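The residues making up each chain are set out below.
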Amino acid sequence: EQGTCGPPYELFLLSLQVPEIIGTLRQASKSSARNNDITPFPTNFAKKFEVLFCGRVSVAHKKAPPALIDECIEKFSQLHSLGKTDKGNSGGLVDGLKRALSFQSNGLGGGAVGNGADGSFNTGTRPLHGLDENGLSPEISNANTTDPHTLSTKVQPSNLQENRTMLFTVGRSQIYLVSPDTKKVAIEKSFREISFCSQGIRHVDHFGFICRETVEGGNGHFVCYVFQCTDESLVDEIMLTLKQAFSVAALQQNAKTQSQQCDVCPMQQLHRLCERIEGQNPSKTKLELQRHMASLDNEEQAQIFENTMRACPKSDQEENELVMVSLRNLYEEKQKHHQHTVPGEAKQVDVAALSAPRAASVVGQSPLRSHRHSWRQQIFLRVSTPQKGTDKLVDPCLEGSRLSVGQMCGGSGDSIMNAVPEEAAKKSKEELRELWRKAILQQILLLRMEKENQKLQASENNLLNKRLKLDYEEITPCLKDVTLVWEKMLGTPGRAKVKFDTETIHAAVAQGVPRQHRGEIWKFLSEQYLLRQTVPARPPSNPTPYKELLKQLTSQQHAILIDLGRTFPSHPYFQAQLGAGQLSLYNILKAYSLLDPEVGYCQGLSFIAGVLLLHMGEEDAFNMLKFLMYDVGIRKQYRPDMIILQIQMYQLSRLLHDYHRDLHGHFEQQEIGPSLYATPWFLTLFASHFPLGFVARVFDMLFLQGPEVIFKVALSLLGSHKPLILQHDSLESIVDFIKTTLPNLGLVQMEKTINQVCEMDVSKQLQAYEVEYHVLQDELQDTPPTLNQQQRAAQLERTNQSLRQQNLDLLEELQVCHARVCNLEGQVEVLAQSESRLKEQVSALEEEKQQLETTVTQLQNLLTSLGIHPTSLDGLTLLPPSDTQKASEGLDVRTADPEHPALPQGS
């Protein structure tokens, strides 16, 4: 009996390992080159693109025609049109990708994608078939598209309600897709896992790639990820980048492994066989195995055939697994006696150690198997308990398999398995119910503790993140009394509509701003700034909310991505490439480029957004950037024509001429214009060169006083360093001093500069200089022409462009004035209505007055008829009773007359 069950039992045990064989061979043959070739993310050579994740589709083969992308887009459209896609299984970036893209990382970007309980992938029970004419597997093409559940198991579009934008990063040997929304790596694939890349034919702005993914049980399938770009040119650039990256990685891999491979190794032959049958259906795999066995000798073929038939396989899949087990045993025996022949060298290497792990795989713990188990082993490990006295060297998975096979073979006490211990006495219903109650309560308690732990961890992370952001030296320490003043103003109910005293706010800003409240104080100052403005600024033409802007693609992505690494490179919050700081900064700049298409993105905006981001959240920083650009008015200096920036340079030069004439003359002598040193001051608000503590104080004043603060700070800096600047007598030395030495001032000098800015007022001069600039420009254009026709045409073109810009400015002013006129008309209408109501009230009062005058006249006449003079009421004499009775009768008679009202009682 033991002899009958022995060989099938061994084959069955080995067949359980078949899903591991292919992966083990691939890992063992490539481990050396893989360890040398893979570089940790991120690399300095990574190239980044912004794409829109469309979804994923299960395909049947690693190769597909370009029509696959168009077919996937149509399938996505069908599911979206049905409107029945399950949000939890939609393949979205937050919920759907948690299932579709979760994997156990092994340091190489690969791993098994679990199907869990959602049943998204059924390839473990259904064999993969060949592609149809469109490149999709037959179960997708032939699926009933009116049934969303059937279609969504293979076609998973992304959720349209979520932020689907991702940063497609191509590294040296891997592809990463980072979600700027969740600040996490959503997809991570090595070049070895990607088998196909293609661009759409009809949808030229779409592309995708096919990669292999593994589900539980060791079965693999191929998945196509589809993405969308802003235009076709970006897709072409991505495809070219991928081609170059793959070529370079292949050359490096070949150069490293060429001198170490032996083409005649038995294990290499088995490895090539595994590559040929990978992803094939059982019938094609069986045909390929028969072809390979034809190359063996008759004895080896007979041995494999005998072992296979002895196990009595019930399907082609089981037969293929048994054949692979026999082939592996055969090639491992050959490998023990094989001598490597290294190309280019006569030396032969003994490889007995290569087969050593095989012996350990039966009775010991293999290093490869120590971190990877089949799906049956995983189920066994979850439910089994190690028995006492069991040999520690024996794999518990194999022991569980022996126990199961012994029971199936009907083994007696003589068999190789020990008897199963008798089960414990059965518990009563009350005991089981009590155990269930305890288990449920413990589970509820555990879930609550986990939630509380997550909250505490999130709170701790927020505190650490805030501390990391505010890691700079404050130049004006804020006293406790001043902090209390700020906290009182910030805590005022309905502060957005309360107009505080301007002098109080100025005094508080001059005394200092607490660093921990600076972001909230900036929002408070912006509210007060808007309350002080009589004429509202022109709002953005695009009213799209911030969250909706993040879901769109921007054409400015290249410029933004390049400047991410240049923005505060020494600050820890922005140091990590595509870290939380850089991704938040990218979101803000991208959203503004979509909000303001005229400006888009300009160098310098990243520093302003970075300073705001260090003191507040992402969305608040975006709102404050929008406030600075539109309400404060610094947006004009970022226009493509840069005319406002030229005017600002002229204004600064005129201020130097009026306040520091000797310094201005020194600059003129060396032919140094303000554009050589002051342009980054205006475009970055001093954030690109000066310490963060100083920049924060400049922003304090900017939110309080507006853009003229930039001129005052520049004028104060140059004036305070005038003696040192005058000592330099060359253009290079002066510019180098202003760019390198000037920003490194001490804390005392910085505080002195801020105090001077608080006391300075140059608003009238700036207005006069702007008018002066336009007058000089008009005079220059009106000079007699001494140019040829071509130069005259160019000058006229520039004049026309300038007039167009002035026309746009005047149109903007006209819109503002129109808004003001509408506001005034509304006020006039309200006043007119109030006036009409007042007139009605006046007319009513006049009528009442006339009635009262009539009543008074009647009373006077009545008193006169009674012999009572109104002027002598104080000395009124009582009448005799008879006269009083007559008077009463006369009064009653007059009361009946409506024209003569009766007197009040007691008259």
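Each value, and the rule that gives it
Residues numbered from 1 in each chain as written. Predicted model: local features only at pLDDT ≥ 70, side-chain atom pairs only at ≥ 80, totals over all residues. Heavy atoms only, no water. Core = buried A, V, L, I, M, F, W, Y, C linked by side-chain atoms within 4.5 Å. Buried < 20%, exposed > 50% of the residue type's maximum accessible area, 1.4 Å probe, protein only. Contact = heavy atoms within 4.5 Å. Axes fitted to C-alpha atoms, helices over the stretch in contact; angles between N-to-C directions. Helix = DSSP H or I, 4+ residues; strand = E, 2+ residues; numbered from the N terminus. Parallel < 35°, antiparallel > 145°, perpendicular 65-115°, else oblique. Nonpolar A, V, L, I, M, F, W, Y, C, P; charged D, E, K, R; others polar. Salt bridge = Lys/Arg side-chain N within 4 Å of Asp/Glu carboxyl O. Pairing = 2+ DSSP bridges. Phe/Tyr/Trp six-rings, centres within 6.5 Å; stacked < 30°, edge-to-face > 60°. Lys NZ or Arg CZ within 6 Å of the ring centre and 35° of its normal. Arc of directions from axis to C-beta. Left-handed = near helix turned anticlockwise from the far one by under 90°.

**A word on the nonpolar core**
Here is step 1: Counting 110 residues, the largest nonpolar core has Trp486, Leu612, Leu628, Trp681, Phe699 and Ile738 as its most contacted members.
Here is step 2: If near-sequence neighbours (up to four positions away) are discounted, Trp486 is found in contact with Ala508, Val509, Gly512, Val513, Pro514, Ile521, Phe524 and Leu525.
Here is step 3: Among the nonpolar cores identified, the runner-up in size contains 25 residues, and Met166, Phe168, Cys211 and Ile238 belong to it.

**Here's the deal with the packing of helix α25 (residues 643-659) against helix α26 (residues 661-669)**
Here is step 1: Running from N to C, α25 and α26 point in directions that differ by 125 degrees, and their axes come no closer than 5 Å. Taken together, the axes of α25 and α26 lie oblique to each other. Across the interface between the two elements, Ser653, Leu656, His657, Asp658 and Tyr659 from α25 touch Arg661, Leu663, His664 and Phe667 from α26.
Here is step 2: Per-class residue counts for the contact of α25 with α26 are 4 nonpolar, 3 polar and 2 charged.

**A few points about the pattern of salt bridges**
Here is step 1: Scanning the model with the defined rule gives 35 salt bridges in all.
Here is step 2: A salt bridge links Lys47 to Glu237, with the nearest nitrogen and oxygen atoms 3.5 Å apart. Placement of the pair is Lys47 in strand β1 (residues 47-59) and Glu237 in helix α7 (residues 232-257), with a sequence separation of 190 residues.
Here is step 3: For Glu237, a relative accessible area of 27% gives the class partly exposed.
Here is step 4: Across the salt bridge formed by Arg310 and Glu306, the nearest N and O atoms sit 2.7 Å from each other. Of this pair, Arg310 and Glu306 both sit in helix α10 (residues 298-310), 4 residues apart, which is roughly one turn of that helix.
Here is step 5: Owing to a relative accessible area of 45%, Glu306 belongs among the partly exposed residues under this scheme.
Here is step 6: One network of salt bridges, in which partners are shared, links Asp596, Glu598, Arg635, Arg639, Asp809 and Glu812.

**Quick word on the pairing of strand β3 (residues 165-170)**
Here is step 1: Counting buried residues along β3, 6 of its 6 residues qualify, which places the element largely inside the surrounding structure.
Here is step 2: The alternating pattern of β3 places Thr165, Leu167 and Thr169 on one face and Met166, Phe168 and Val170 on the opposite face, and all of these are buried.
Here is step 3: Bridging between β3 and strand β4 (residues 174-179) involves 4 bridges; their strand directions are antiparallel. Looking across to β4, one finds that Thr169 is bridged to Tyr176.
Here is step 4: A loop of 3 residues connects β3 with β4, the two strands running antiparallel in sequence.

**Quick look at the packing of aromatic side chains**
Here is step 1: One pass over the full model with this rule turns up 27 aromatic pairs.
Here is step 2: With a centroid separation of 5.7 Å and 90 degrees between ring planes, the pair formed by Tyr529 and Phe627 is classed as edge-to-face. Of this pair, Tyr529 sits in helix α18 (residues 518-532) while Phe627 is found in helix α24 (residues 618-632), placing the two residues 98 residues apart along the sequence. In terms of burial, Tyr529 and Phe627 fall into one category: buried.
Here is step 3: Aromatic ring contacts, followed pair by pair, group Phe53, Phe168, Phe207, Phe209, Tyr225 and Phe227 into a single cluster.
Here is step 4: Stacked on the ring of Phe222, the Lys or Arg Arg212 has its end atom at 5.5 Å from the ring centre.
Here is step 5: Residue placement shows Arg515 over the ring face of Tyr472; its charged tip is 5.3 Å from the ring centre.

**Concerning α26**
Here is step 1: The complete set of buried residues in α26 reads Leu663, His664, His666 and Phe667. Looking straight down α26, one finds that the buried residues subtend no more than 160 degrees of arc, so they occupy a single side. Opposite the packed face of α26, turned more than 90 degrees from it, sit the exposed residues Arg661 and Gln669.
Here is step 2: In this structure, the buried residues of α26 make contact with α25, α29 (708-720), α30 (722-726) and α31 (731-741).
Here is step 3: Downstream of α26 by a residue or two, Glu671 has a phi angle that is positive, lying close to 55 degrees.

**With respect to unusual backbone geometry**
Here is step 1: With a phi angle near 55 degrees, Cys312 is a residue other than glycine that sits in the positive phi range.
Here is step 2: For Cys312, the location among the structural elements is in the loop between α10 and α11 (316-336).
Here is step 3: In this structure Cys312 comes out as exposed when scored by relative accessible area, which is 55%.

**A few points about α31**
Residues spaced three or four apart along an α-helix face the same direction, because each turn holds 3.6 residues.
Here is step 1: For α31, the full list of buried residues reads Ile734, Val735, Phe737 and Ile738. The buried side chains of α31 occupy one side of the element, clustering within an arc of 155 degrees when seen end-on.
Here is step 2: Where the residues of α31 are buried, they touch α26, α27 (679-684), α29 and α30.

**Some words on the environment of Leu589**
Here is step 1: Secondary-structure assignment places Leu589 in helix α22 (residues 580-595).
Here is step 2: We classify Leu589 as buried; its relative accessible area is 2%.
Here is step 3: Contacts of Leu589, omitting those with residues within four sequence positions, involve Ile560, Tyr601, Leu605, Ser606 and Ala609.

**A closer look at the packing of α22 against α24**
Here is step 1: At a closest axis distance of 10 Å, the pairing of α22 and α24 adopts a crossing angle of 40 degrees. As the angle between them shows, α22 and α24 are arranged oblique. The two elements α22 and α24 cross, and the hand of that crossing is right-handed. Residues Ser584, Asn587, Ile588, Ala591, Tyr592 and Leu595 of α22 form the contact with α24, whose participating residues are Glu618, Ala621, Phe622, Leu625, Lys626, Met629 and Tyr630.
Here is step 2: Partitioning the contact of α22 with α24 into residue classes produces 9 nonpolar, 2 polar and 2 charged.

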